[in-house]
Amino acid sequence: MSVPAGDGRPAAEVRLEQEPQRVAALTYESAGVVAELGAADRLVLVPEAATNPVLSNHPGQMAAVEHHVPSESSIDAEAVIAAAPDLVLLNDRHGLEEGVGSVLEGAGIPVLVLPNTWSSVADMTTNIDIVGRALGVEDDAAALAEEITGGLVDESAADGPRVLVLSNQAGRPFVTTGGAFPLEILRLAGARDASEALGMTRTGPISAEQVIAAEPDRILLVDMNGSGEAIFRPLLDTPAVAELPAVAEHEVLLVEGRQVQALGMTSTVEGRDRIAEWLTE
């Protein structure tokens, strides 16, 4: 099958002798799209985080998958080979393609590298189409893409409120920047990204001084691990941060990761709608 070019990657061909029945999804989003297409029973390996209900729409099915890896950044090729997949899905993050992907291809396992980083709705629907074709469920993929694009209404506004997006990762608050999918959801809901004022291009840890410098009108908290506001509280309770109008006036919203991350697929429609409602409250 043909895989289109994208994100600086050339077009590619992946040879599939038959419709895959044992799929190793090495990234969170690829696991999510297989499940959303009704093919969770074909999954034989997924990242452990795919079992987390704040990230996955199908935590029970993901927990029932035979093999799990701790995270997509710590995957051992031998563990993937041991799962005996007839198709491996991944995005080229954390060096997966050049590292694990090349070893798997050398072992004769078909590896489908999705051509983008899930940073936009167009990226999402492109990847849904590709996975749907690989699994032989093209009609289901078309219906899923239509549901998502129909639900993610574009209410972007050049003068929308400036929102700082924070997530709880690695035991501390991270600021969401660059081409991250939550910022696409934020834009569609009618807000602007307050992190642009910081000149940061990659998601990473954020300090109280940086939160203050961003001068956000509102703050969106993304729960990536099920701990709610706990990891954010020390930052938000810092006296100077607590005095910001966004915090002092309680203009802070907590959402689950699946509602704003591409791995949430259809749940992002719910997330976009909740944020749009919040912006008008």
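Located above this text is the structure these notes cover.
Residues numbered from 1 in each chain as written. Predicted model: local features only at pLDDT ≥ 70, side-chain atom pairs only at ≥ 80, totals over all residues. Heavy atoms only, no water.

1. Overview of empty space enclosed by the protein
Vacant regions in the atomic arrangement are exposed by a probe of water-molecule size rolled over the atoms.
Then, in step 1: Taken as a whole, this structure holds one cavity of 30 Å³ or more when the rule is applied.
Then, in step 2: The calculated volume of the largest cavity comes to roughly 80 Å³.
Then, in step 3: In this structure, the largest cavity is lined by Tyr28, Gly32, Glu36, Ala49, Ala50, Leu55, Ser56, Asn57, His58, Met62 and Leu263.
Then, in step 4: The greatest single-element share of the lining of the largest cavity, amounting to three residues, is contributed by helix 1 (residues 28–36).
Then, in step 5: For the lining of the largest cavity, the per-class residue count stands at six nonpolar, four polar and one charged. (1 Å grid on protein atoms, 1.4 Å probe; cavity = no way out; pocket = protein on both sides within 12 Å on 5 of 7 lines; lining within 4 Å. Points joined across faces, edges and corners; volume = space filled by probe spheres on them. Helix = DSSP H or I, 4+ residues; strand = E, 2+ residues; numbered from the N terminus. Nonpolar A, V, L, I, M, F, W, Y, C, P; charged D, E, K, R; others polar.)

2. Things to note about the sheet that holds strand 5 (residues 67–69)
The strands making up a sheet are joined through hydrogen bonds of the backbone, oriented either antiparallel or parallel.
Then, in step 1: Here we have five strands laid out as an open sheet, ordered 5-4-3-6-7, and parallel in their pairing. Since the sheet does not close on itself, it has two edges, and those belong to strand 5 and strand 7 (111–114), each with one partner. Within this sheet the neighbouring strands show an average axis-to-axis angle of 15 degrees, counted without direction.
Then, in step 2: Strands strand 3 (23–25), strand 4 (43–47), strand 6 (87–91) and strand 7 of the sheet are contacted by helix 1, whose axis makes an angle of about 140 degrees with strand 4.
Then, in step 3: On the sheet, helix 5 (residues 121–135) packs against strand 3, strand 6 and strand 7 and is oriented at approximately 165 degrees with respect to strand 7. (Pairing = 2+ DSSP bridges. Axes fitted to C-alpha atoms, helices over the stretch in contact; angles between N-to-C directions. Contact = heavy atoms within 4.5 Å.)

3. What about the layout of surface pockets?
Then, in step 1: The computed volume of the second largest pocket comes to approximately 200 Å³.
Then, in step 2: Forming the walls of the second largest pocket are 17 residues, and the residues nearest its centre are Gly178, Leu183, Arg192, Asp193 and Glu196.
Then, in step 3: Of all the secondary structure elements, the ones that give two or more residues to the lining of the second largest pocket are helix 7 (181–188) and strand 10 (192–193).
Then, in step 4: When residues in the lining of the second largest pocket are grouped by element, the largest group, four residues, is from helix 7.
Then, in step 5: Looking at side-chain class alone, the lining of the second largest pocket contains six nonpolar, six polar and five charged residues.

4. Concerning the packing of aromatic side chains
Then, in step 1: Within this structure, the stated rule accounts for zero aromatic pairs.
Then, in step 2: A cation over an aromatic ring shows up here: Arg218 above the ring of Trp278, its NZ or CZ 5.2 Å from the ring centre. (Phe/Tyr/Trp six-rings, centres within 6.5 Å; stacked < 30°, edge-to-face > 60°. Lys NZ or Arg CZ within 6 Å of the ring centre and 35° of its normal.)

5. Examining the pairing of strand 6
Then, in step 1: Among the five residues of strand 6, five are classified as buried, and the element is accordingly described as predominantly covered.
Then, in step 2: Of the two faces of strand 6, the one holding Leu87, Leu89 and Asn91 and the one holding Val88 and Leu90 are both buried throughout.
Then, in step 3: In this sheet, strand 6 lies alongside strand 3 in parallel orientation, the contact comprising three bridges. When the bridges of strand 6 are listed, Ala24 appears paired with Val88.
Then, in step 4: Bridge count between strand 6 and strand 7: four bridges; the pairing is parallel. Looking across to strand 7, one finds that Leu90 is bridged to Val113. (Buried < 20%, exposed > 50% of the residue type's maximum accessible area, 1.4 Å probe, protein only.)

6. Focus: the pattern of salt bridges
Then, in step 1: Applying the stated rule across the entire model yields 13 salt bridges.
Then, in step 2: The closest approach of N and O atoms between Arg22 and Glu66, which form a salt bridge, is 3.5 Å. Linking Arg22 in the loop between strand 2 (12–13) and strand 3 with Glu66 in the loop between helix 2 (59–63) and strand 5, this pair joins segments that are 44 residues apart in sequence.
Then, in step 3: When its relative accessible area of 30% is taken as the criterion, Arg22 is described as partly exposed.
Then, in step 4: In this structure, Arg272 engages Glu155 in a salt bridge whose closest nitrogen and oxygen atoms are separated by 3.3 Å. With Arg272 in helix 12 (residues 267–279) and Glu155 in the loop between helix 6 (138–151) and strand 8 (162–169), the pair connects residues that are 117 residues apart, well separated along the chain.
Then, in step 5: In this structure Arg272 comes out as buried when scored by relative accessible area, which is 5%. (Salt bridge = Lys/Arg side-chain N within 4 Å of Asp/Glu carboxyl O.)

7. Considerations on the side chain of Glu36
Then, in step 1: One can find Glu36 in helix 1.
Then, in step 2: Arg258 provides the closest opposite charge to the buried, salt-bridge-free Glu36, at an N-O distance of 8.1 Å. (Lys, Arg positive; Asp, Glu negative; His and termini not counted.)

8. Focus: the pairing of strand 12 (residues 218–223)
Then, in step 1: By the criterion of burial, strand 12 is predominantly enclosed, with six of the six residues buried.
Then, in step 2: The two faces of strand 12 match: Arg218, Leu220 and Val222 on one face and Ile219, Leu221 and Asp223 on the other face are all buried.
Then, in step 3: Pairing of strand 8 with strand 12, which is carried by five bridges, proceeds in the parallel orientation. Bridging from a neighbouring strand, Ser167 pairs with Val222 of strand 12.
Then, in step 4: The pairing of strand 12 with strand 13 (residues 252–256) spans five bridges and is parallel. Within the sheet, the bridge partner assigned to Asp223 lies in strand 13 and is Glu256.

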